[in-house]
Amino acid sequence: MKYKIGQIIEGKVTGIQPYGAFVSLDEENQGLIHVSEVQAGYTKTIQSLLAIGQKVRVQVIDIDEYSQKISLSLRTLENFVPSNQFKRKRYFTNKNKKIGFQTISEQLPMWMDEALDELE
């Protein structure tokens, strides 16, 4: 087979079913984009995103060696993380306040006193 996993190919949508879209890769080979590989997140209907005859750029994600079926993905080619996201560091607590975890050495004497009080 001339296709390899990870390869990016231009194809043409030849059929759409509720479970996925069939893509013609050349005269002899076709692959399937499963509905879960169309986009990141939930896809209500695949027909809202793809149409028969549409040219698509897909990535080969799996090839069944026995049946020679090719699994394709559009989702792996998405750039779904905006470039301006995650630039600012965020803290769950205010780092200027002296609250939160203290070292064990500071807490150990208090824990020992509490434990001894419980024994008495």
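The structure under discussion appears in the preceding block.
Model, not experiment: these values are computed from the prediction.

Q: How would you sum up the overall build of the chain? Please name residues and give values.
A: Tallying secondary structure elements over the chain gives one helix and five strands in all. When the 120 residues of the chain are sorted by exposure, 24% land in the buried category. Long-range contacts, defined as pairs at least 24 residues apart, comprise 54% of the intrachain contacts of the chain with a sequence gap of at least 6. A total accessible area of about 9,800 Å² is found for the chain, and carbon and sulfur atoms account for 53% of it.

Q: Let's hear about the sheet that holds strand β3 (residues 30-34): which residues, and what values?
A: Spatially, the five strands close up into a barrel ordered β1-β2-β3-β5-β4, and their pairing is mixed. Averaged over all adjacent pairs, the angle separating strand axes in this sheet is 55 degrees, with direction ignored. One ladder, built from three bridges, connects β3 with strand β5 (residues 70-73); its direction is parallel. Its bridge partner being in β5, I33 is matched across the sheet by L72.

Q: Could you give an account of a negative patch on the surface, naming the residues involved and the relevant values?
A: On the surface, D113, E114, D117, E118 and E120 cluster together into a patch of negative charge. Residue classification places D113 among the partly exposed positions, given a relative accessible area of 47%.

Q: Outline the pairing of β3, listing residues and values.
A: Looking along a regular strand, one sees the side chains alternate between the two faces of the sheet. Covered by surrounding structure in β3 are G31 and I33 only, the residues Q30, L32 and H34 on the alternate face being uncovered. Here strand β2 (residues 20-24) runs beside β3; their pairing, made up of five bridges, is antiparallel. When the bridges of β3 are listed, F22 appears paired with L32. Connecting the antiparallel pair β2 and β3 is a turn made up of five residues.

Q: Tell me about the layout of surface pockets, and please be specific about residues and values.
A: Here the largest pocket defines a volume of roughly 190 Å³. In terms of lining, the largest pocket is formed by 13 residues, of which the most central are Q30, G31, L32, K69 and I70. Among the elements of the structure, β3, β4 (55-63) and β5 are those that each provide at least two residues to the lining of the largest pocket. The biggest single contributor to the lining of the largest pocket is β3, with three residues. Looking at the lining of the largest pocket residue by residue, the class counts come to four nonpolar, five polar and four charged.

Q: Lay out the pattern of salt bridges in plain terms, naming residues and giving numbers.
A: All told, the structure shown has two salt bridges when counted by the stated rule. The residue K2 makes a salt bridge to D26 at a minimum N-O spacing of 3.1 Å. You can see K2 sitting in the segment before β1 (8-17) and its partner D26 sitting in the loop between β2 and β3, a full 24 residues away along the chain. A salt bridge links E37 to R75; the shortest N-O distance between them is 2.7 Å. Highlighted residues: E37 in the loop between β3 and β4 and R75 in the loop between β5 and α1 (104-119), separated in sequence by 38 residues. Its relative accessible area of 31% is what places R75 among the partly exposed residues.

Q: An account of the pairing of β5 is requested, with residue identities and associated values reported.
A: Pairing geometry for β4 and β5, over four bridges, is antiparallel. Looking at β5, one finds that Q59 is bridged to S73. Connecting β4 to the antiparallel partner β5 that follows it, the hairpin turn spans six residues, and Q68 within it adopts a positive phi of roughly 65 degrees.

What counts and how
Residue indices begin from 1 for each chain and proceed along its sequence in written order. Local features are withheld for residues below a pLDDT of 70 in this predicted model, meaning they are given only at 70 or higher, and side-chain atom pairs are given and counted only at 80 or more; totals for whole chains, interfaces and linings count all residues. Excluding hydrogens and water, the side-chain figures rest on all heavy atoms present in the structure. Put simply, DSSP marks the helices as runs of H or I at least four residues long and the strands as runs of E at least two long, and each gets a number from the N terminus on. Only protein chains enter the accessibility calculation, which uses a 1.4 Å probe. A residue is then buried if its area is under 20% of the maximum for its type, exposed if over 50%, and partly exposed in between. We call two residues contacting when some pair of their heavy atoms lies within 4.5 Å. Exposure was quantified through the Shrake-Rupley algorithm and a 1.4 Å probe, taking into account, for residues, occlusion by the shown protein chains and nothing else. For two strands to be treated as a pair, DSSP must find at least two bridges joining them. Simply put, an axis is a line fit to the C-alpha atoms, just over the touching stretch for a helix, and the angle between two N-to-C directions goes from 0 to 180 degrees. Patch definition: residues with relative accessible area over 30% and no salt bridge; like charges joined within 9 Å; nonpolar side chains (Val, Leu, Ile, Met, Phe, Trp, Tyr) joined within 5 Å. Any Lys or Arg side-chain nitrogen located within 4 Å of an Asp or Glu carboxyl oxygen qualifies as a salt bridge. A positive count includes Lys and Arg, and a negative count includes Asp and Glu. His and the chain ends are not counted in either. In plain terms, the charge of a residue is placed at NZ if it is Lys, CZ if Arg, CG if Asp and CD if Glu. Residues are called lining when one of their atoms sits within 4 Å of a cavity or pocket point, these points coming from a 1 Å grid over the protein atoms alone, where a cavity is a set in which a 1.4 Å probe fits but cannot get out and a pocket is an open set with protein on both sides within 12 Å along at least five of seven lines. Grid points are joined across faces, edges and corners, and a volume is the space filled by probe spheres set on the points. Throughout, the ten residues Ala, Val, Leu, Ile, Met, Phe, Trp, Tyr, Cys and Pro are labelled nonpolar, Asp, Glu, Lys and Arg are labelled charged, and all others, Gly among them, are labelled polar.

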